[in-house]
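# Secondary and tertiary structure notes
Here is how the chains run, residue by residue.
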Amino acid sequence: KYLTDSIKKLTNTINEIINSNNLEIKIDSELTKSKDEIGDLATAFNQMVSKLKRSYDVLEIKVQERTEQLNQKITEEKENQKAILNIAEDLEKARSKIEQDKAKDEAILSNIGDGLVVTDHDMKVILVNRAGEEMLKWKQEELFGQEWYKFIKVLDQEGKEIPAEKTPFAVALAGGTTATTTYYYVCKDKTKFPVAITVTPVILNRNLIGVVSVFRDITKEKEIDKVKTEFVSLASHQLRTPLSAISWYAEMLIDGDAGKLNTKQKEYLNEVYTGNQRMVALVNALL
């Protein structure tokens, strides 16, 4: 009868768990305390249910986390779509105003102090402003519709010509990113001058339609840089020479080359030498 009742209790508990999906239910402690196979079976079953409960809890947490991630992704996607729609609306508004603002824009571009060149995606010139004409010695009418690199040669710092595919225009068109560099432009009259160039791609409705190049003559900056370099070189020599002499003579005196020194004299000369070394380090840091 004990065995039958025990099995019946086990069966009832299992059925209760199955029907209710309640993993908190445990087999009666009286059975788990039994020192026989029934007790072992009841204990093992309770342990199994506990492990199953923990696994279920972990799974539930993961499902909840994944659900939150998906909700966040959906929210971000909606925000991105809204931002894209706003950009598209702004582009449409901007395009509708282009014709109205064209004359004003051309007047502004013509009077910019820096040189400005606009080309299409084939590097054919669309616009050259007045400053660009003056620097390059080319008129817009002469360059309009022509491939830029066939008229304007670009040289590196050593005077070597940059291949067309490596010019800032080509780099900006190939990568779709802004290219900034320093080169030399060769003018119509074969003279050259140093320029700081920034070339920016023009993207409309996700299509690369051309590039805008802004450049300025940096001849004065080059001259200033040269003068600065010469000054630093001169200052370096003029400041370091006397300090080196002081250091050298102090070492000779400390070593006794000019006669034996007493303790106090050595102490003073060591202070002179140490202070001079600090001055050398300071001059090096300044230069």
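All values derive from a computational prediction rather than experimental measurement.

For the rest of this paragraph, the subject is the pairing of strand S1 (residues 115–120). The element S1 is largely enclosed, with a buried count of six among its six residues. The two faces of S1 match: Gly115, Val117 and Thr119 on one face and Leu116, Val118 and Asp120 on the other face are all buried. Looking at chain direction, S1 and strand S6 (residues 207–217) are connected through six bridges and run antiparallel. Paired with Val117 across the two strands is Ser213, which belongs to S6. Pairing between S1 and strand S2 (residues 125–128): three bridges, direction antiparallel. Note that in S2 the partner of Thr119 across the bridge is Val125. Hairpin connection, S1 to S2: the antiparallel pair is bridged by four residues, and Met123 has positive phi, about 65°.

A separate point is the nonpolar core. In this structure, Leu136, Trp148, Phe169, Tyr185, Phe193, Ile197 and Phe215 are the most contacted members of the largest nonpolar core, which totals 26 residues. For this core, the secondary structure elements donating two or more residues are S2, helix H4 (130–136), helix H7 (168–175), strand S4 (179–186), strand S5 (192–204) and S6. Other than its neighbours up to four places away in sequence, Phe215 contacts Asp114, Gly115, Leu116, Val117, Gly132, Met135, Leu136, Tyr185, Val195, Ala196 and Ile197.

Let us look at the environment of Glu271. Among the secondary structure elements, Glu271 is positioned in helix H9 (residues 263–286). Judged by relative accessible area, Glu271 falls into the exposed class, the value being 54%. Considering only alpha carbons, one finds Glu271 and Ala250, 21 residues apart in sequence, at a separation of 9.8 Å.

Taken as a whole and assessed by the stated rule, the structure comprises eight salt bridges. Notably, a salt bridge pairs Arg216 with Glu221, separated by 2.7 Å at the nearest N-O pair. Its salt-bridge partner being Lys228, residue Asp225 comes within 3.2 Å of it at the nearest N-O pair. Of this pair, Asp225 and Lys228 both sit in helix H8 (residues 219–254), separated by three residues, roughly a single helical turn.

Procedures and definitions
Sequence order as written defines the numbering, with residues in each chain counted from 1. A pLDDT threshold of at least 70 governs which residues receive local features in this predicted model, and a stricter bar of 80 or more applies before side-chain atom pairs are shown or counted, although totals over entire chains, interfaces and linings include all residues. Neither water nor hydrogens contribute to the side-chain values; these are computed over all heavy atoms in the structure. Think of it in three bands: with a 1.4 Å probe and only protein chains considered, a residue is buried below 20% of the maximum accessible area for its type, exposed above 50%, and partly exposed in between. Numbering goes from the N terminus for both helices and strands, where a helix is a DSSP run of H or I of at least four residues and a strand is a run of E of at least two. Pairing between strands is defined by DSSP: at least two bridges between them are needed. For the purposes of this section, nonpolar cores are sets of buried Ala, Val, Leu, Ile, Met, Phe, Trp, Tyr and Cys residues that join through side-chain atoms within 4.5 Å. For this analysis, residues touch if any pair of their heavy atoms sits within 4.5 Å. One side-chain nitrogen of Lys or Arg within 4 Å of one carboxyl oxygen of Asp or Glu is enough to make a salt bridge.

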